[in-house]
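Now for the letters of each chain:
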Amino acid sequence: MPPAILFVHAHPDDESIGTGATMARYAATGARVTLVTCTRGEEGDIVPAELAGLAADRDGLLAPHRVGELDAACAALGVADHRFLGGPGRWRDSGMLGSPANDHPRSFLRAGLDEASAALAGVIREVRPQVLVSYAADGGYGHPDHVQAHRVTRAAFERCDPAWRPARLYAVVTPESALAGGRTRSVAQGAGTPDAAVTTRIDAGGYLPAKLAALRAHRTQLTVEGTGFALSDGVPQPAGGIEHYVRLFGGPLPVDPDGYERELFAPAELAPAERS
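Predicted model only: the values in this text are computed from it and were never measured. (Residues numbered from 1 in each chain as written. Predicted model: local features only at pLDDT ≥ 70, side-chain atom pairs only at ≥ 80, totals over all residues. Heavy atoms only, no water.)

For the structure on display, the rule yields 15 salt bridges. Across the pair Asp-59 and Arg-106 runs a salt bridge whose closest N-O atoms are separated by 3.3 Å. One end of the pair, Asp-59, is in helix α2 (residues 58-77); the other, Arg-106, is in the loop between β3 (81-84) and α3 (113-127), with 47 residues separating them in the sequence. Classification of Arg-106 as partly exposed rests on a relative accessible area of 26%. For Glu-261, the salt bridge is made with Arg-247, and the minimal N-O distance between the two is 2.8 Å. Taken together, the residues span a long stretch of sequence, with Glu-261 in the segment after β10 (242-249) and Arg-247 in strand β10 at a distance of 14 residues. Counted as one network, the salt bridges with shared partners bring together Glu-43, Asp-59, Arg-92 and Arg-106. (Salt bridge = Lys/Arg side-chain N within 4 Å of Asp/Glu carboxyl O. Helix = DSSP H or I, 4+ residues; strand = E, 2+ residues; numbered from the N terminus. Buried < 20%, exposed > 50% of the residue type's maximum accessible area, 1.4 Å probe, protein only.)

Structure representation (structure tokens):
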């Protein structure tokens with residue numbers, strides 16, 4: 001059976017921004033790629049003026065629209081297996097920390113850790129991935145749903161039976177050195193992972209066109225120009241084909257000349273044609 005990798009993201013668009021090139025690369029080389037999204041992104045900003053009316057009903061209009069964008073993004077990345085944690089709409093976008101949306105009864109921030117992690121563990125048991133990917137403890141840029149996604153992923157990982165627990169757990173990160181060329185959501189929060197802590201660098205530059213196509217699908221959230229994009233603040237950011245990770249659990253893998261692991265899978269887990 002082909003190797004499997006499962007990505008856990010907080011909102012539609014996070015998968016494309018943070019891990020889109022990696023997802024496209026593994027999907028194209030025959031791995032089974034599964035995406036679990038924790039919310040439908042009800043509190044996301046709306047960039048195009050002509051779509052501003054979606055904000056009039058964030059649950060009834062914006063959320064279904066963003067689900068459609070996510071479907072298109074997954075198609076661009078070659079990802080056929082996408083699920084919402086607990087089912088579509090079980091948990092809701094919490095908004096930024098301190099916003100009224102934090103107190104919504106279905107906000108992901110308020111999700112019971114036992115229920116949410118059990119839902120994710122059920123997906124893990126079904127998919128049996130060798131690799132599980134989410135965020136670091138700070139959520140990457142401080143959004144409460146990203147922090148909660150980390151907590152839920154760690155708790156789900158811990159509750160897995162050893163017979164089907166993933167061999168490795170990774171967090172997608174932005175190295176401090178990558179922030180020097182332009183502001184990202186991490187910079188806006190004064191964050192960034194020290195380069196020395198980064199364990200893994202996935203060079204998926206050949207799949208940058210797929211990542212850009214996926215980003216373009218998230219039209220409510222961002223604009224794409226050339227090989228970059230901008231969120232609602234309008235600040236240009238590069239959409240790179242090299243994505244970085246920190247290994248949170250599992251043994252070390254082969255490294256490139258710069259000392260970074262170059263795969264998320266162990267060599268024995270990859271088909272011969274996929275090994276590099």
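This part takes up the state of the cysteines. Evaluated as defined, the whole model comprises 0 disulfides. Among the cysteines around Cys-38, which has no disulfide bond, Cys-74 carries the closest sulfur, lying 14 Å off. Its relative accessible area of 2% is what places Cys-38 among the buried residues. In this model Cys-160 remains outside any disulfide bridge; the closest cysteine sulfur is found in Cys-38, 15 Å from its own. Residue classification places Cys-160 among the buried positions, given a relative accessible area of 3%. (Disulfide = S-S within 2.5 Å.)

A few words now on α3. Spacing of three or four residues puts side chains on the same side of an α-helix, whose turn is 3.6 residues. In a regular helix each residue adds 1.5 Å, so 15 residues correspond to 21 Å; α3 covers 21 Å between its end C-alpha atoms and thus fits that length. Among all positions in α3, only Ala-116, Ser-117, Leu-120, Ala-121, Val-123, Ile-124 and Val-127 are buried. Looking straight down α3, one finds its buried side chains confined to an arc of 155 degrees; they lie on one side. Away from its buried face by more than 90 degrees, α3 exposes Asp-114, Arg-125 and Glu-126. On its buried face, α3 is in contact with β1 (4-9), β2 (32-37), β3, β4 (131-135) and α4 (144-159). (Expected span 1.5 Å × (residues − 1). Arc of directions from axis to C-beta. Contact = heavy atoms within 4.5 Å.)

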